[in-house]
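The primary structure of each chain is shown beneath.
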Amino acid sequence: MHAILAPEPGGPEALRITEVERPAPGPGEVLVRVVAAGVNRADILQREGHYPPPPGHPDIIGLEVSGVVAELGEGVTGWRPGQECLVLLAAGGYAEYVVAPAGQLVPPPPGVDLVEAAGLLEVAATVVSNMDLARLSAGDVLLVHGGAGGVGSFAIQYGKALGCTVLTTAGSAENLDYCRALGADHAIDYHGDWVATVMEVTDRHGADVILDIMGAQYLPLNVRALAVGGRQVTIGLQGGRKGELDLGALLRKRASIHATSLRFRPVAEKAAICERVTRSVWPMLAEGLIQPLHTQRVPFNEVRRAHELMAAPGHRGKIVLVVDEASGAGSTRRTE
Ligand SMILES: NC(=O)c1ccc[n+]([C@@H]2O[C@H](COP(=O)([O-])OP(=O)(O)OC[C@H]3O[C@@H](n4cnc5c(N)ncnc54)[C@H](OP(=O)(O)O)[C@@H]3O)[C@@H](O)[C@H]2O)c1
């Protein structure tokens, strides 16, 4: 089968379409024929050599796919060949076939085209697991950094669906408008003094929960923006990994900071998160509380362009690599 790797770290030119052996499902695993693969920021980090897959996983890039069940490993129940599914992966998604533990497969959300759905599971799983950790609930003020990106645009909608006031940051007028269209109550340009704006629009309350993707660069700023009793979850380190934390400021606010990674969680935890997505998040899509994300489709053999698009200013929502257009096109489930 064909798969995409970056044998030598580098820019988009490092990506190679390579002939590799098709994986076989072991006990408890499922082989899936891929229709489309979601592109994530982590894929760029892996291509650059900064984010290798966990031990035991292939060097093939890609954290999520949509596709069709092709073969069941020993002991798998609940799935049958021919069923459409989404798959959460630790690696291996940019390929014609993937193998994953059965618990990391979910049915696609009702009414969403199978190609577009390829970009939904990683963001849904990331957002719901981290917002559970932060105990996000109705009435909270949620600050989402990078609201126009894949994770951010899902998080804005999830926060609104829960009944929160949602504040978000973005870097251009177009992206700020996009965030408002997704439901953000306040979209704030991160080039300005966004902490001051957060405090102003919340009457000095601050953010009860911050979903952070900037790491070190925003550490002191986020602590200033947190409400008393606030909870920050850092999921990205786009602004560096080592910063200085004023524990006194955190202590006075009785606030907390977590940092998490979905990719490195054990199989059982991923399965529990997938079950939570199916049970609680897909119904929000079915009811129209969350809309499928703005999705740019790029053919599999134009993967370099997909990575360039993701790194370019103006990127919004998700990019998906279309492996098999024939299977995905027109495959749209309804909500019955
Ligand atoms: N830990 C986990 O489990 C996990 C899982 C999934 C994703 N992530 C992380 O989550 C982040 C988003 O991932 P993604 O796939 O959604 O990437 P993406 O679509 O490329 O989004 C990246 C976002 O970063 C924003 N950004 C850039 N500079 C910023 C700044 N100074 N302040 C605020 N926002 C800024 C961009 O906004 P503009 O375009 O408006 O400039 C863009 O919306 C990445 O860091 C990724 O590694 C972590």
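Before reading on, note that the structure itself is shown above.
The shown structure was predicted, so the numbers you read here are calculated from the model rather than taken from an experiment. (Residues numbered from 1 in each chain as written. Predicted model: local features only at pLDDT ≥ 70, side-chain atom pairs only at ≥ 80, totals over all residues. Heavy atoms only, no water.)

## Points about the sheet that holds strand β13 (residues 256-259)
- Spatial ordering of the open sheet is given by β10-β9-β8-β11-β12-β13, a layout of six strands whose pairing is parallel. Among the strands making up the open sheet, the edge pair consists of β10 (186-189) and β13. When strand polarity is set aside, the average angle formed by the axes of neighbouring strands in this sheet is 15°.
- Relative to strand β9 (residues 165-170), strand β8 (residues 141-144) runs parallel, the two sharing four bridges. Bridging from a neighbouring strand, Val141 pairs with Thr165 of β9.
- Where helix α3 (residues 121-133) meets the sheet, its contacts fall on β8, β11 (207-212), β12 (226-234) and β13, and the angle it forms with β11 comes to roughly 145°.
- The sheet strands contacting helix α5 (residues 173-181) are β9 and β10, and the helix crosses β10 at an angle near 165°. (Pairing = 2+ DSSP bridges. Helix = DSSP H or I, 4+ residues; strand = E, 2+ residues; numbered from the N terminus. Axes fitted to C-alpha atoms, helices over the stretch in contact; angles between N-to-C directions. Contact = heavy atoms within 4.5 Å.)

## So, the site of the ligand
- Within the structure, the ligand sits among 24 residues, and Arg41, Tyr190, Tyr218, Gln238 and Leu262 are positioned closest to it.
- Within the side chain of Asn175, one N or O atom sits 2.9 Å away from an oxygen atom of the ligand.
- Interatomic distance of 2.5 Å between a side-chain N/O atom of Tyr190 and an oxygen atom of the ligand.
- Contributing elements (two or more residues each) for the shell around the ligand: α3, α4 (150-162) and β9. (Near = heavy atom within 4 Å. Polar contact = N/O pair within 3.5 Å; in protein donor to acceptor, adjacent residues only side chain to side chain.)

## What about the pattern of salt bridges?
- Counted by the stated rule, this structure contains 10 salt bridges.
- The shortest N-O distance in the salt bridge between Asp140 and Arg231 comes to 3.2 Å. Here Asp140, found in the loop between α3 and β8, pairs with Arg231, found in strand β12; they are 91 residues apart in sequence, far enough to count as distant. The same class applies to Asp140 as to Arg231, namely buried.
- Across the salt bridge formed by Arg265 and Glu269, the nearest N and O atoms sit 3.1 Å from each other.
- In this structure Arg265 comes out as partly exposed when scored by relative accessible area, which is 22%. (Salt bridge = Lys/Arg side-chain N within 4 Å of Asp/Glu carboxyl O. Buried < 20%, exposed > 50% of the residue type's maximum accessible area, 1.4 Å probe, protein only.)

## Brief notes about the packing of α4 against helix α9 (residues 267-286)
- Contact geometry of α4 with α9 gives a least axis separation of 11 Å together with a crossing angle of 80°. With respect to each other, α4 and α9 are oriented roughly perpendicular. Taken together, the residues of α9 that come into contact with α4 (itself represented by Phe154, Tyr158, Ala161 and Leu162) are Arg276, Val281 and Met284.
- Partitioned by chemical class, the residues of the contact of α4 with α9 number six nonpolar, no polar and one charged. (Parallel < 35°, antiparallel > 145°, perpendicular 65-115°, else oblique. Nonpolar A, V, L, I, M, F, W, Y, C, P; charged D, E, K, R; others polar.)

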